[in-house]
Structures are given as C-alpha cells and as structure tokens.
Amino acid sequence: MWCWRLPALLRAPGRSPWPPGGGKVCATTATTATRARHDAPHALPCAWQLHRDHLELRYANTLMRLDFVWLRDHCRSASCYNSKTNQRSLDTASVDLAIKPKAVRVDETTLFLTWPDGHVTRYGLEWLVKNSYEGQKQQVMHPRILWNAEIYRQAQIPSVDCRSFLETDEGLKEFLQNFLLYGIAFVENVTPTKEDTEVLAERISLIRETIYGRMWYFTSDFSRGDTAYTKLALDRHTDTTYFQEPCGIQVFHCLKHEGTGGRTLLVDGFYAAEQVLQQAPDQFELLSKVPLKHEYVENVGGCHNHMIGVGPVLNVYPWNNELYLIRYNNYDRAVINTVPYDVVHRWYAAHRTLTTELRRPENELWVKLKPGKALFIDNWRVLHGREAFTGYRQLCGCYLTRDDVLNTARLLGLQA
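Residues numbered from 1 in each chain as written. Predicted model: local features only at pLDDT ≥ 70, side-chain atom pairs only at ≥ 80, totals over all residues. Heavy atoms only, no water.

A.B. asks: Any chance you could explain the pairing of strand S17 (residues 264-268) here in plain terms?
C.D. replies: Put simply, side chains in a regular strand alternate between the two faces of the sheet. With five of five residues buried, S17 is to be regarded as a mostly interior element. Here S17 shows no split at all, with Thr264, Leu266 and Asp268 on one side and Leu265 and Val267 on the other all buried. Note: S17 against strand S22 (residues 365-367), three bridges, orientation antiparallel. Across the sheet, residue Leu265 finds its bridge partner in S22, namely Trp366. Inspection of the sheet shows S17 paired to strand S24 (residues 382-386) by five bridges, in the antiparallel sense. Directly across from Thr264, in S24, lies its bridge partner Arg386. (Buried < 20%, exposed > 50% of the residue type's maximum accessible area, 1.4 Å probe, protein only. Helix = DSSP H or I, 4+ residues; strand = E, 2+ residues; numbered from the N terminus. Pairing = 2+ DSSP bridges.)

Okay, here's the thing in structure tokens:
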C-alpha cells in the first residue's frame, strides 16, 4: 500500500488529502501539520511503499527504488559516517543482505528508517533525489556548451589575462568556467618562455610527466617518432589514445614562428558525437561499446617506447548515457583484432559517420597561436590538429592531470 505525505494539503478547506485510487495519509500530529502549513506551504507531496527487498519512494517528480541494503549502507549517523573526514565508518560487509527496516516514517523533509537492532537512519528527501540512481539519471555530471565554429565565435569567449589568472580567484574562476563549458580556454600576455608556461600550468594542476617528459619543447626536428615533430599537416585527433588513461588536459604555447602556415585546428568532438547520436543512435551505441587498441611504437635515438591503450571511441556514463571521453586518433589506432567479423563492418560504418561530422568545415575552428597566448585543451573532448607550415616553429607545453583541474574548479564553487 502506498503511504502519502501531503503536508500542504492536510486539512485544507475543500481539498481531499487522499491520493487518487486510495492509500492512506501518513500519521502526523496536529502541531506538525499546522507547522507544515505555515513553514513549508510549498512542501512537495511524498509517497512511499514497502516491497520485499526495497522501498519505493515518490518525491519531487522522481520515482526512486531504494534497496534496503543500500539504505542501511549509506546511513549518515555519527556511528556510520564520519562527517569530519567525509568517509564511511560502517563496515559494508557486515550489513545483513536480507536486512529490512522494522519501521518507516516520512515527514515533510525526511525519511526515517528503524532497523531490527533499533538503529535509526535519517535521510533528507532532497538528498535522496539527488543521490538515488533515478535522480542521477536526470542529472548532468559535467554541464557543457556544445559548439561548432560559428557557435563559438558568436559566444565571444574572452581570453583571461595572465596576471588575473595567476593572482586572483576571479580570473582563475572565469578561466575554468570557460574551460569546463567549451573544452578550450586561452590565457593572454604570458611571457613566451617554457618557465613561465610551467608556472601558468601549475596554477590549476599538477603537471603530468609522461614519456615526453614534464615540460616539452616542440619543433619539426623529428626528435621523436611522431608525425607531430614534422612540418606536415596533422588531421584532427586526441592525444595519448595509447595510454590506458589518456591525458586529460593539454597546454600549448607558441614561443616562436618564423614562417607561414601552422594554424591550429580545434573541433568539439562532443558536438560531432551529438550529431551522430541524433542521426544514428545505433552507431553511437556501437562506438561507445566496441573496445579498440591504440598503439605507440617508438625507436628514435634514445627513445624506446611501446604503449598500448584500450577503450571505445566514445566513453559514456552508463546510467545517463552522458559522453565524457572521446578517444579518436586515426594515426595511432592499432590493428583491429578485438572486434568479431559480424560487428567490424558496422563499426567501420559508424566510424565513418563520426569522421564525417568531425570533418565538416563548419565544425572547424582555426586559430593562430602566437607568443604570449597559451591554449588549454580538454583532451577528453576537443580534437586538435594543424595545417602544414614553413620556417622555424617552436612550441612548448605539457599535459595536466584531469583530477587536479576539476578539483581546483570545485574548490572555486564550479560544477565539475
């Protein structure tokens, strides 16, 4: 039987407190009902029903199914959860998998559960909506603005001045908000040296040391076994697809260019993937489920590396299908030997659909990097490339740890 809690309607003239189709109004005292009418006139109706192994709870237009073990495990009482360290104290393995509450009560804002041993667990209804599986399905982990070249230009996203970025929380927060929403952000008036670029990067994250070092210089001397170390054009791609966890953020700063060409190409991979999802959802699903190998083999000078990373082209959160990582690099994709015959041709068709979107001219944002202007790229989202160039062109840059960038953003009050 459903149990309803309608504090705003209890004893309201001319209104029936009974839910359509029957049920019962939760017991409450007259004092509580009166207080609810005056203090919380807009309290949302709540209904609940016990089942064999879970509690079904309807609140804030969300129907939640909450497993009893889950409800016991997530108790936030002082004996079960350390609010100072924000860590669980309860030993999850000690919870009886057949546990059931002895009593259930709901008031205007809180769910109360009494367990067989007498322990009482309290949950705010808003907390449950936010943290239940059904609530998470309705939420976005990372708010974003998807863009093509015209959308980005019309947004007129300002670059952040280097001094403001380094010395003020306001400048840093503005930069990070731009970066989180669009996947790229610029800092102007940076002294064109590797040392100053390093200081800039360390403002938001630890620098991730890789096989390319910590901070690197980037010229066309073919000092590494990679097409990037030439003057050739580079098609759009994400970096380090051959890492088990591709680098999260890439920093570019052009220190010098004496020649022509060399513009940087930027493409919002999530925008292109969204077009695939709308036009061919079955192909989007295939790209999000088929695992591929990417490989980097290098034997140049003293550099000897053989890296292999495995993962689908599109990576999504399974509970809400939100895209969080694109692993796209046709240069470094290894032999496809992880896909059976009856799937591989369909994968090629899906890959062609995505590539077509990524290569649409209207999706290409071309920028000319110059000394003093540093570019931060979300390597899990935005693909980059470049046109061929002449002359001497020197860039410096690094990779940043994604966790630290997002941590910095959250500490400034941003959703990340």
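After that view, the rundown keeps rolling.
A.B. asks: How should I be thinking about the side chain of Thr408 in this particular structure?
C.D. replies: Within the fold, Thr408 resides in helix H12 (residues 402-411). Looking at Thr408, the relative accessible area reads 16%, which means it is buried. Only 3.0 Å separates the side chain of Thr408 from the backbone oxygen of Ile204, close enough to count as a polar contact. Those residues in contact with Thr408 that sit more than four places away from it in its chain are Leu172, Leu176 and Ile204. (Polar contact = N/O pair within 3.5 Å; in protein donor to acceptor, adjacent residues only side chain to side chain. Contact = heavy atoms within 4.5 Å.)

A.B. asks: Explain the sheet that holds strand S9 (residues 110-114) here, please?
C.D. replies: Within a sheet, neighbouring strands are paired by backbone hydrogen bonds and run either parallel or antiparallel to one another. Reading across the sheet, the three strands line up as S8-S9-S10 and stay open at both edges, with antiparallel pairing between neighbours. Unpaired on one side and paired on the other, strand S8 (103-106) and strand S10 (120-124) mark the two borders of the sheet. The mean angle between the axes of side-by-side strands here comes to 15°, regardless of whether they run parallel or antiparallel. Where S8 meets S9, four bridges bridge the pair, whose relative direction is antiparallel. Along S9, the bridge assignment pairs Ala103 with Thr114. (Axes fitted to C-alpha atoms, helices over the stretch in contact; angles between N-to-C directions.)

A.B. asks: Can you walk me through the packing of aromatic side chains in this structure?
C.D. replies: The relation between two aromatic rings is expressed through the spacing of the ring centres and the mutual angle of the planes. Counted under the stated rule, the structure contains 18 aromatic pairs. Centroid distance Trp70 to Trp127: 6.3 Å. Interplanar angle 45°. Geometry classified as tilted. Residue Trp70 is located in helix H2 (residues 68-73), and its partner Trp127 is located in helix H3 (residues 125-131); the two are separated by 57 residues in the primary sequence. On the basis of an interplanar angle of 70° and a centroid distance of 6.1 Å, the ring pair of Trp216 and Phe252 is categorised as edge-to-face. Of the two residues, Trp216 is situated in strand S14 (residues 216-218) and Phe252 in strand S16 (residues 249-258); the sequence distance between them amounts to 36 residues. Since its relative accessible area comes to 7%, Phe252 is described here as buried. Taken together, the ring pairs connect Phe165, Phe175, Phe179 and Phe376 into an aromatic cluster. When the ring centre of Tyr81 is taken as reference, the NZ or CZ atom of Arg76 above it lies at 4.0 Å. (Phe/Tyr/Trp six-rings, centres within 6.5 Å; stacked < 30°, edge-to-face > 60°. Lys NZ or Arg CZ within 6 Å of the ring centre and 35° of its normal.)

A.B. asks: What should I look at first to understand the side chain of Glu357 in this one?
C.D. replies: Topologically, Glu357 is positioned in helix H11 (residues 341-358). For Glu357, a relative accessible area of 3% translates into the label buried. When neighbours within four sequence positions are excluded, Glu357 is seen to be in contact with Ala272, Gln275, Val276, Gln279 and Asn363.

A.B. asks: I would appreciate a short explanation of the packing of helix H7 (residues 169-182) against H12 in the present structure.
C.D. replies: For any two helices packed against each other, one specifies the crossing angle of their axes together with the interaxial distance. Packing of H7 against H12 brings their axes to within 10 Å, and their N-to-C directions diverge by 120°. Our classification of the angle between H7 and H12 gives oblique. Crossing hand, H7 versus H12: left-handed. For the pair H7 and H12, the contacting residues are Leu172, Leu176, Phe179 and Leu180 in the first and Val405, Leu406, Thr408 and Ala409 in the second. (Parallel < 35°, antiparallel > 145°, perpendicular 65-115°, else oblique. Left-handed = near helix turned anticlockwise from the far one by under 90°.)

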